Amino acid sequence: MSHTVGIRQAQKQKTRQSLMEAALVLLEDQSLSSLGLREVTRAVGVAPTAFYRHFRDTADLGVALVDEALGSLHAVIRATLAATGDSAERIDGTVGLIARHVRAYPSHVRFIARERHGGVEPVRAAIGEQLRLFADEVATWLATQPDSAGWSEEDLRMLAHVYVDHMVMTASAFLEAEPYGDERVEAAASLARRQLRLVSLGRRHWLD
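Residues numbered from 1 in each chain as written. Predicted model: local features only at pLDDT ≥ 70, side-chain atom pairs only at ≥ 80, totals over all residues. Heavy atoms only, no water.

**Structural notes on the environment of A149**
Thought 1: Among the structural elements, A149 can be located in the loop between helix 8 (121–142) and helix 9 (153–177).
Thought 2: Taking relative accessible area as the criterion, A149 reaches 56% and is therefore assigned exposed.
Thought 3: A sequence separation of 58 residues divides A149 from L207, and the C-alpha atoms of the two residues are 9.6 Å apart. (Helix = DSSP H or I, 4+ residues; strand = E, 2+ residues; numbered from the N terminus. Buried < 20%, exposed > 50% of the residue type's maximum accessible area, 1.4 Å probe, protein only.)

**Topic: the side chain of Q30**
Thought 1: With respect to the helices and strands, Q30 occurs in the loop between helix 1 (2–26) and helix 2 (37–44).
Thought 2: There is a polar contact of 3.1 Å between the side chain of Q30 and the side chain of S34.
Thought 3: Separated by 3.2 Å, the side chains of Q30 and E39 make a polar contact.
Thought 4: Contact partners of Q30, with chain neighbours within four places excluded, come to L35, E39 and R114. (Polar contact = N/O pair within 3.5 Å; in protein donor to acceptor, adjacent residues only side chain to side chain. Contact = heavy atoms within 4.5 Å.)

**Thoughts on the confidence of the model for the protein chain**
Thought 1: Confidence along the protein chain averages 91 in pLDDT terms, with 97% of residues attaining 70 or more.
Thought 2: For the protein chain, helix 5 (residues 73–82) is the element with the lowest average pLDDT, namely 78, and helix 2 is the one with the highest, namely 96. (pLDDT = per-residue confidence, 0-100.)

**Side note on the environment of A192**
Thought 1: Positionally, A192 belongs in helix 10 (residues 182–204).
Thought 2: Note on A192: relative accessible area 1%, which makes it buried.
Thought 3: For A192 and V109, which are 83 residues apart along the polypeptide, the C-alpha to C-alpha distance reads 17 Å.
Thought 4: The contact partners of A192, leaving out residues within four places of it in the chain, are V95, H166 and T170.

**What about helix 10?**
Thought 1: Counted at 1.5 Å a residue, the expected span for helix 10 with its 23 residues is 33 Å, and the 33 Å between its end C-alpha atoms agrees.
Thought 2: Among the residues of helix 10, V185, A188, A189, A192, R193, L196, S200 and R203 are the ones counted as buried.
Thought 3: Residues of helix 10 that are buried in the fold lie against helix 6 (87–104), helix 8 and helix 9. (Expected span 1.5 Å × (residues − 1).)

**A few points about the pattern of salt bridges**
Thought 1: Inspection of every chain in the model, using the stated rule, returns 10 salt bridges.
Thought 2: Where R157 meets D136, a salt bridge forms, and the shortest distance between an N and an O atom there is 2.3 Å. Of this pair, R157 sits in helix 9 while D136 sits in helix 8, and the two are 21 residues apart along the sequence.
Thought 3: Under the relative-accessibility criterion, R157 is labelled partly exposed at 29%.
Thought 4: Taking the shortest distance from any N to any O, the salt bridge between R203 and D147 comes out at 2.9 Å. (Salt bridge = Lys/Arg side-chain N within 4 Å of Asp/Glu carboxyl O.)

**Let's talk about a nonpolar patch on the surface**
Thought 1: A contiguous nonpolar patch, built from M158, V162, W206 and L207 and spanning about 360 Å² of accessible area, is present on the exposed surface.
Thought 2: Considering the arrangement of structural elements, one finds V162 in helix 9.
Thought 3: In this structure V162 comes out as partly exposed when scored by relative accessible area, which is 36%. (Patch = residues over 30% accessible without salt bridge, like charges linked within 9 Å, V, L, I, M, F, W, Y side chains within 5 Å. Areas by Shrake-Rupley, 256 points an atom, 1.4 Å probe, with all protein chains shown as cover.)

Set out below in C-alpha cells:
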C-alpha cells in the first residue's frame, strides 16, 4: 500500500513540475496576468481540472515559480559573500557569477525581471519577500566586515538592498544582451563592474 502511495505521490510531483516548466516556456512571450491555465494544461497534455490538484490559480502557480527561480539565487549570493581577494577581484567574481547564473537559468531570470513589477499582486509580494530575505543575508554578512565599523543597522540594510537590487538589474541586463553576442554581454559586464566600483567607493567614504 505504501509503495502505491509513493508512486502516486511521485507522479503528482512530476505533473506539478511539468506544469511549472510549461508555464515558464509560455511566459517567455507573455506576462503571468495574461497566462491561461488551459494553455498550461494543454502544453502538458492533462485536463484543465488537473491543474487544480496542484495550484489554486495561476497566481498560486506564479508564487511557486518565484520560490523555484529565486531559490537558485541563494547559492549565487553565498558564493559572492564567500569570495576572497581585493575589491576589484571580488567585483569581477560577482559579475561573473551572475553571468553564469543567467546562462544556466534564463527562463527563471526572465520571469523574475518581468513579474517583479507585474500585475499579479501575490507574485509581486513573493518576489519582494524573497529579495528582502536576500538583503537580510547580505546585511548580516556586511555587519561582520571590518570596514562596516561604525555603520548603523539601518545603513547596512540600505547597502544590502543596493547590492541585491544591483544583482537583479545586472541579471536582467545580461539576459537582454545575450541574443546580441559577446560584445553586448561584455558591455553589460563592464557597466556592472563600474557600478559596483562606484558603490564600493561610496561605501569607503560613507562615514566621512
